[in-house]
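Fold and contact review
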Amino acid sequence: MKIFILFFMLANFIFASNISVFKVEGMHCPLCTTAVKKAIKELDGVQKVSARLNTKEVSVIYDEKLKIDEILKAIKTTSYEGVEISTKPYEK
């Protein structure tokens, strides 16, 4: 039993996740949010992406190995500029 608990704790540490929220000005229609989400989802380590058109915010749950700069570059490929609002550890 102790080995199982130790393995579980180690797995959580290795596969730790973060959640970041980005402000993406310029998104004005559902196609815009779809393009941004698609670009971010193509990155290795992304677990979930959601975009809200009314607030112009994109939330990304991702592995710690993925860097914020990579997410911002993915957003930029859609001709939008993203700004990180917050980042914190994600707990399932």
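The sections below set out a description of the structure shown in this document. Note on numbering: residues in each chain are counted from 1, in written sequence order. pLDDT decides what is reported in this predicted model: residues at 70 or higher carry local features, side-chain atom pairs at 80 or more are listed and counted, and totals for whole chains, interfaces and linings draw on all residues regardless. Only hydrogens and water are set aside when side-chain values are computed; all heavy atoms of the structure are taken into account.

Regarding the overall build of the protein chain
Going along the chain from the N terminus, every DSSP run of H or I of four or more residues is numbered as a helix, and every run of E of two or more is numbered as a strand. When helices and strands are counted, the protein chain shows three helices and four strands. The linear arrangement of helices and strands in the protein chain, starting from the amino end, is α-β-α-β-β-α-β. Only protein chains enter the accessibility calculation, which uses a 1.4 Å probe; a residue whose area is less than 20% of its type maximum is buried, one above 50% is exposed, and one in between is partly exposed. With 92 residues in all, the protein chain has 34% of them scored as buried. Contact criterion: two residues are considered in contact whenever any of their non-hydrogen atoms come within 4.5 Å of each other. Relative to all contacts within the protein chain whose residues are 6 or more apart in sequence, the contacts with residues 24 or more apart total 66%.

Looking at the sheet that holds strand β4 (residues 81-90)
Taking strand neighbours across the sheet as the criterion, the four strands line up as β2-β3-β1-β4 in an open arrangement whose pairing is antiparallel. Since the sheet does not close on itself, it has two edges, and those belong to β2 (46-52) and β4, each with one partner. Along the sheet, successive strands turn relative to each other by an average axial angle of 20 degrees, direction set aside. Looking at chain direction, strand β1 (residues 17-25) and β4 are connected through nine bridges and run antiparallel. Of the residues in β4, the one forming a bridge with N18 is P89. Lines are fitted to the C-alpha atoms to define the axes, a helix being fitted only along its stretch in contact, and any angle between axes, read from their N-to-C directions, falls within 0 to 180 degrees. Of the strands in this sheet, β2 and β3 (57-63) are in contact with helix α2 (residues 30-41), which crosses β2 at around 165 degrees. Each of β1, β3 and β4 is contacted by helix α3 (residues 68-76), which is oriented at about 145 degrees to β4, the strand it contacts most. Each pair of strands is called paired provided DSSP finds at least two bridges between the two strands.

Quick notes on the environment of K92
With respect to the helices, strands and loops of the structure, K92 is situated in the segment after β4. For the pair K92 and A16, spaced 76 residues apart in sequence, the C-alpha separation works out to 9.9 Å.

Observations regarding α2
Helices are assigned an expected span. That span is 1.5 Å times one less than the residue count. Given a rise of 1.5 Å per residue, 12 residues ought to cover 16 Å, and the 16 Å separating the end C-alpha atoms of α2 matches this to within 8%. When α2 is considered as a whole, its buried residues turn out to be C32, T33, V36, A39 and I40. Down the axis of α2, the buried set is contained in an arc of 130 degrees. They therefore lie on one face. For α2, the exposed residues set more than 90 degrees away from the buried face come down to P30, L31, K38 and K41. Tucked inside the fold, the buried residues of α2 contact β2, β3 and α3. An arc is given here, and it is the one of the directions from the helix axis to the C-beta atoms.

Regarding unusual backbone geometry
Even without being glycine, K56 reaches a positive phi, approximately 60 degrees. Using a relative accessible area of 24% as the deciding quantity, one classes K56 as partly exposed. Of note in this structure, S79 is not a glycine but carries a positive phi near 75 degrees. In this fold, S79 is placed in the loop between α3 and β4.

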